[in-house]
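What follows is the residue order along each chain.
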Amino acid sequence: MDKNFQEEFTQIIKFKPPLYKQRHQFVKDLVEKYKPKKVADLGCADCSLLRMLKFCSCIEVLAGLDICANVMKEKMYTLSPLPVDYLQPSERSLTITLHHGSVAHKDPCMLGFDLVTCIELIEHLEEPELKKFPEVVFGFMAPSIVVISTPNSEFNPLLPGVMLYRHPDHKFEWNQAQFQSWALETARCYDYSVEFTGVGHPPTGMEKAGFCTQIGVFTRKNPQTGKSVQSEKPAEAVYKTVFKAVYPSLKDEKYLQNAVISEVIFTAQIIKHRLMSKHEEYGNDPERKSKFQPSMDCFSDCLGKLVVEKNMEPFVSGNEVHIPLATIFSFPKVNRLCGTFEKLCKLIAGKVTLSSDGSAVMFNIEHENEDN
Ligand code: SAH
């Protein structure tokens with residue numbers, strides 16, 4: 001490499017967005033493409049990648065592993081659910097767990113993942129750990145996809161201030177040929193294919209240097225098997241769980257019930273409000289006021305294409321307003337939450353005031369009338 005040319009670039013190379021963000025974005029794009037449900041981040045450090053991935057709606061299980069418990073503990077509470085997660089539980093379930101342990105050891109809690117990410121991890125491994133790493137990740141965990149990123153040493157001369165390695169804890173840094181030969185051999189051994197790419201483009205004219213961060217995306221050749229090549233003896237738990245967050249989800253009956261009750265009451269209030277405004281128009285006619293059945297036209301904008309049956313019409317009788325459950329069930333949000341009419345009845349039983357035959361939500365408007 002021409003020394004002057006190299007020096008010129010060392011002054012100006014600055015990645016935008018920063019390289020770590022580009023690496024994390026790379027993983028996020030991969031998640032959005034392959035939609036894995038279970039993702040494990042090995043060498044998760046301060047959990048910044050996990051924090052980004054928790055917003056990917058396909059993910060239901062997220063796990064982090066690091067040999068340094070303190071670095072994980074620093075910001076692990078930022079992975080906890082927020083008040084808004086309780087106010088509006090999501091449809092998907094999400095569990096985030098952090099484990100303290102080494103990628104050189106097998107633990108059953110690492111089985112069953114679809115995607116395993118190892119971002120800037122392998123260069124931190126001592127030789128014996130690096131030797132065990134493929135057997136643990138590809139042989140034991142055996143996810144459908146593994147992403148491994150590591151510094152490309154050919155790029156180092158372009159980085160300001162890098163003498164030997166980019167970080168004092170790095171045990172090695174590989175050039176492109178070294179990484180690719182290790183990755184190809186690992187892929188061959190465990191029946192994966194691998195594609196090479198990277199983030200952090202070299203400057204024009206320096207393309208030979210390759211990406212600043214080199215990345216290998218490994219795909220298991222036999223996705224149907226789904227079983228890892230495990231040793232005869234099942235692995236015993238060796239990792240220590242340091243954090244676990246279970247997000248509120250509508251898959252959990254308790255949160256579903258709350259959401260359904262709120263939505264049923266909200267919907268019934270809307271119907272009642274519209275009914276009462278119509279009702280007031282007939283306010284001076286006592287006969288019509290005592291048993292009032294409005295045309296469903298006044299709800300038609302909410303009901304959409306609903307075919308209205310007679311028994312779905314809300315009505316006022318004396319001081320009571322009856323809003324049939326069948327009408328409420330036809331509202332898209334209630335319908336989607338419950339799925340079936342039976343489920344709606346089951347979830348609101350004993351929680352919402354119903355008519356004596358249980359077919360309608362009932363409001364007593366005695367006091368409302370007094371106010372008027
Ligand atoms: N993946 C993170 C940080 C990488 S730094 C990111 O993308 O920003 C490497 C991390 O690997 C460190 O937090 C270090 O503690 C962890 N590590 C080193 N050796 C390990 C091992 N044997 N098992 C698990 N984690 C290890």
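This one's a predicted model, so the numbers in the text were calculated from it and none came from an experiment.

A. Main features of the site of the ligand. If you check the shell around the ligand, you find 15 residues, and the closest are Gly43, Asp66, Ser102, Val103 and Ile119. Within the side chain of histidine 24, a nitrogen or oxygen atom sits 3.1 Å from an oxygen atom of the ligand. Take isoleucine 67: an N or O atom from its main chain is 3.2 Å from a nitrogen atom of the ligand. In the complex, the protein chains occlude 85% of the 580 Å² of accessible area that the ligand would expose alone. The cavity that encloses the ligand is the largest pocket. Here the residues of the shell around the ligand sort into seven nonpolar, five polar and three charged.

B. Examining the packing of aromatic side chains more closely. What the rule picks out here adds up to 13 aromatic pairs. An angle of 80° between the planes, with centres 5.6 Å apart, marks the rings of phenylalanine 329 and phenylalanine 341 as edge-to-face. Taken together, the residues span a long stretch of sequence, with phenylalanine 329 in helix α11 (residues 325–329) and phenylalanine 341 in helix α13 (residues 341–348) at a distance of twelve residues. On the accessibility criterion, phenylalanine 329 (14% relative accessible area) is buried. Judged by relative accessible area, which is 29%, phenylalanine 341 ranks as partly exposed. Through successive ring pairs, a cluster of aromatic residues spans Phe133, Phe172, Trp174, Phe179, Trp182 and Phe196. The ring centre of phenylalanine 363 lies 5.1 Å from the NZ or CZ of lysine 272, which sits over that ring.

C. Representation of the pattern of salt bridges. Taken as a whole and judged by the stated rule, the model has nine salt bridges. As a salt-bridge pair, glutamate 120 and arginine 23 come within 3.5 Å of each other at their nearest N and O atoms. With glutamate 120 in the loop between β4 (115–119) and α6 (127–141) and arginine 23 in helix α2 (residues 19–34), this residue pair connects regions lying 97 residues apart in the sequence. By relative accessible area, arginine 23 is classed as buried at 13%.

D. Looking closely at the side chain of glutamate 173. Looking at the secondary structure, you find glutamate 173 in the loop between β5 (145–151) and α7 (176–190). In this structure, glutamate 173 is buried with no salt-bridge partner, the nearest side chain bearing the opposite charge being arginine 166 at 4.4 Å. A polar side-chain atom of glutamate 173 sits 2.7 Å from a polar atom in the side chain of asparagine 156. Residues within four places of glutamate 173 in sequence aside, it is in contact with Pro151, Ser153, Asn156, Leu164, Tyr165, Arg166, His167 and Gln178.

E. Examining the layout of surface pockets more closely. Here the largest pocket is characterised by a volume of approximately 890 Å³. The wall of the largest pocket is formed by 36 residues, among which Gly43, Ala45, Ile119, Glu120 and His124 lie closest to the centre. Examining the composition of the lining of the largest pocket, we find that four residues originate from one element, α2, more than from any other. When its residues are assigned to classes, the lining of the largest pocket shows 17 nonpolar, eight polar and eleven charged. As a volume, the second largest pocket reaches approximately 280 Å³. Elements with a contribution of two residues or more to the lining of the second largest pocket: α5 (83–87), α8 (253–281) and α12 (332–338). No other element matches the five residues that α8 contributes to the lining of the second largest pocket. Along the lines of polarity and charge, the residues of the lining of the second largest pocket split into seven nonpolar, three polar and four charged. Lining the lining of the second largest pocket are residues from two domains, each supplying at least three of them: domain 1 (19–247) and domain 2 (253–280 + 299–364).

F. Spotlight on the sheet that holds strand β2 (residues 61–66). Pairing is mixed across the open sheet formed by eight strands, whose spatial order is β6-β7-β5-β4-β1-β2-β3-β8. Since the sheet does not close on itself, it has two edges, and those belong to β6 (192–199) and β8 (240–246), each with one partner. Neighbouring strand axes in the sheet, compared pairwise and without regard to direction, differ in orientation by 15° on average. In the packing of α6 onto the sheet, contacts are made with β1 (38–42), β4, β5, β6 and β7 (213–220), and the angle to β5 comes to roughly 160°. Where α7 meets the sheet, it contacts β5, β6 and β7, and its direction lies at approximately 155° from that of β6.

G. Expanded view of the packing of α6 against α7. Closest axis-to-axis distance for the α6/α7 pair is 10 Å, and the angle between their directions is 45°. Looking at the two axes, α6 sits oblique to α7. α6 and α7 meet at a crossing whose hand is right-handed. Contact residues: α6 offers Leu130, Phe133, Pro134, Glu135, Phe138 and Gly139, while α7 offers Trp182, Thr186 and Tyr190. Its residues placed into classes, the contact of α6 with α7 shows six nonpolar, two polar and one charged.

Calculation criteria
- Residues numbered from 1 in each chain as written.
- Predicted model: local features only at pLDDT ≥ 70, side-chain atom pairs only at ≥ 80, totals over all residues.
- Heavy atoms only, no water.
- Near = heavy atom within 4 Å.
- Polar contact = N/O pair within 3.5 Å; in protein donor to acceptor, adjacent residues only side chain to side chain.
- Areas by Shrake-Rupley, 256 points an atom, 1.4 Å probe, with all protein chains shown as cover.
- 1 Å grid on protein atoms, 1.4 Å probe; cavity = no way out; pocket = protein on both sides within 12 Å on 5 of 7 lines; lining within 4 Å.
- Sits in = over half its atoms within 2 Å of the grid points.
- Nonpolar A, V, L, I, M, F, W, Y, C, P; charged D, E, K, R; others polar.
- Phe/Tyr/Trp six-rings, centres within 6.5 Å; stacked < 30°, edge-to-face > 60°.
- Helix = DSSP H or I, 4+ residues; strand = E, 2+ residues; numbered from the N terminus.
- Buried < 20%, exposed > 50% of the residue type's maximum accessible area, 1.4 Å probe, protein only.
- Lys NZ or Arg CZ within 6 Å of the ring centre and 35° of its normal.
- Salt bridge = Lys/Arg side-chain N within 4 Å of Asp/Glu carboxyl O.
- Lys, Arg positive; Asp, Glu negative; His and termini not counted.
- Contact = heavy atoms within 4.5 Å.
- Points joined across faces, edges and corners; volume = space filled by probe spheres on them.
- Domains from an automatic or database assignment.
- Pairing = 2+ DSSP bridges.
- Axes fitted to C-alpha atoms, helices over the stretch in contact; angles between N-to-C directions.
- Parallel < 35°, antiparallel > 145°, perpendicular 65-115°, else oblique.
- Left-handed = near helix turned anticlockwise from the far one by under 90°.

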